[in-house]
Amino acid sequence: MYDVIIIGGGPAGLTAGLYASRLGAKTLLLEKLTPGGQITLSSEIENYPGVCDVKSGLELMMCWPAQAQKFGCEIKSEEAVKIQKENSHFIVKTPKNEYKSKTLIIATGSTPKKAGFEGEIEYTGKGVSYCAVCDGFFYKDKIVAVIGGGDTALEEALYLSKIAKKVYLIHRRDKFRAAPVTQKKIFETENIEIIFNATVKKVFGNQFVEGIILNLNGEEKELKVDGVFVFVGMKVNNELVKDLVELNEWGEVKVNLKMETSQKGLYAAGDIREDSVKQVVAAAGDGATAAINALKYIEKEEL
Ligand code: FAD
Ligand code: NAP
């Protein structure tokens, strides 16, 4: 019987593993890929406090698993495929094993949806981005395209308009689905040019993005841009817990300030939880909060 099982080895899960094991809890972390999480896809991360020289996501995350293991956190390369609550404890199934715990921390993160244009994957990290807060700074006084018509695309376009020289906002229909108040701000921002009824056919460049080809009203149009930001929705990785805990209308796990979910003993941390700002530092903070409160719960309930 473990005190804590953590599912997901991104910044939230690894920090939870570090805190829980350092506080003396018998801790297991399950990660289906290599530990590190989605930030390992990013070529540069400049906003993790205390790490002043620019590092890639992979470099930043390199020592996190070992730091948790140093205090006894077991890390296994296994995918959790099912979670069950039985009396006061949890059962986590992987394709080959079954583990039991007194508490559970779900930290399976989120995945940005792809728009599906040619070159999208090849140029990710080389001009195609899914995070304006993370990468916007690299486009100071440059030209960027933002794809999408929802709240995220419009809010991020406004954010980018304060950094970039010009923002093309490209939407596949002639109406945004974002809140009217946000649309109003978009229409009033001089350096945002809206292109309706357009989809991106392909992105081109050499080592880095140099432009895009649009399908616009049945014709192809070339636009010179330095970067492409894709905001066509996020997939919250909630499959394992969607029948166990309350979710909000976007599928994010509802939590309180202790990262407690609606299921006793089950905590959520990082991108998967409601109102997450979807940043590494925030995910790490959530992981620490969840682990500390999980151990307080074990003590209080005398499990
Ligand atoms: P994740 O990092 O998504 O980790 C979740 C982990 O759970 C993954 O490793 C996944 O494999 C694992 N997992 C999922 N399901 C299972 C399962 N069933 N069983 C076992 N394991 C499972 N943030 C910043 O602060 N600064 C940046 O500059 C920045 N740049 C970014 C650039 C890119 C390209 C991307 C995609 C994101 C960027 N972010 C950045 C956001 C940041 O990466 C996330 O906010 C952060 O990684 C969230 O951490 P997490 O631990 O909640 O989830
Ligand atoms: P979203 O509302 O699902 O919007 C996705 C947008 O991307 C839509 O405009 C959609 O077009 C477009 N799209 C989808 N697939 C595409 C593709 N393959 N190619 C081109 N365009 C594509 O996603 P979101 O903006 O991330 O928001 C998610 C939820 O969070 C929403 O409910 C939103 O209201 C909420 N949210 C709220 C706030 C806030 O309250 N401040 C901020 C951010 C997000 P169509 O319109 O044609 O479908």
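Residues numbered from 1 in each chain as written. Chains lettered and ligands numbered in written order. Predicted model: local features only at pLDDT ≥ 70, side-chain atom pairs only at ≥ 80, totals over all residues. Heavy atoms only, no water.

Asker: Quick one: what's the story with the site of ligand 2, residue by residue and with numbers?
Answerer: The local shell around ligand 2 holds 15 residues, among which D151, E155, R173, R177 and W250 are the closest. Here R172 contributes a side-chain N or O atom positioned 2.9 Å from an oxygen atom of ligand 2. Note that an oxygen atom of ligand 2 is positioned 2.8 Å from one of the side-chain N or O atoms of R173. For ligand 2, the protein covers 69% of the area, taking 910 Å² as the surface of the free molecule. Looking at the shell around ligand 2, its residues break down into 4 nonpolar, 6 polar and 5 charged. (Near = heavy atom within 4 Å. Polar contact = N/O pair within 3.5 Å; in protein donor to acceptor, adjacent residues only side chain to side chain. Areas by Shrake-Rupley, 256 points an atom, 1.4 Å probe, with all protein chains shown as cover. Nonpolar A, V, L, I, M, F, W, Y, C, P; charged D, E, K, R; others polar.)

Asker: Break down the sheet that holds strand β10 (residues 166-170) for me, citing the residues and quoting the values.
Answerer: A sheet is described by the order of its strands in space; here 5 strands give the open sequence β8-β15-β9-β10-β11, paired in parallel fashion. Each of the sheet's edge strands pairs with one partner strand only, and the pair in question is β8 (128-129) and β11 (192-195). Alignment of strand β9 (residues 143-147) against β10, held across 5 bridges, turns out to be parallel. Considered in β10, the bridge of V146 is made with L169. Sitting on the sheet, helix α5 (residues 151-161) is in contact with β9, β10, β11 and β15 (227-230), with an inclination near 170 degrees to β10. (Pairing = 2+ DSSP bridges. Helix = DSSP H or I, 4+ residues; strand = E, 2+ residues; numbered from the N terminus. Contact = heavy atoms within 4.5 Å. Axes fitted to C-alpha atoms, helices over the stretch in contact; angles between N-to-C directions.)

Asker: Hey, could you go over the nonpolar core for me, with residue numbers and the actual values?
Answerer: Most often, soluble globular proteins keep nonpolar side chains buried together rather than apart. If you look at the biggest cluster of nonpolar residues, it comprises 53 residues, and the most contacted ones within it are I5, I7, I83, I105 and I106. With 9 residues, the single largest contributor to this core is helix α7 (residues 280-301). Core analysis: the second largest hydrophobic core is formed by 20 residues, A198, V203, I212 and L214 among them. (Core = buried A, V, L, I, M, F, W, Y, C linked by side-chain atoms within 4.5 Å. Buried < 20%, exposed > 50% of the residue type's maximum accessible area, 1.4 Å probe, protein only.)

Asker: Break down the site of ligand 1 for me, citing the residues and quoting the values.
Answerer: The environment of ligand 1 is made up of 32 residues, and the closest members are E31, N47, C134, D271 and V280. Here an oxygen atom of ligand 1 and a side-chain polar atom of Q38 are 2.9 Å apart. Contact distances for ligand 1 include 3.5 Å between an oxygen atom and a backbone N or O atom of I39. If ligand 1 stood free it would expose 990 Å²; the protein chains cover 94% of that surface. Going through the elements one at a time, α1 (11-22) and α7 are the ones with two or more residues in the shell around ligand 1. Within the shell around ligand 1, the residues separate by chemical class into 13 nonpolar, 12 polar and 7 charged.

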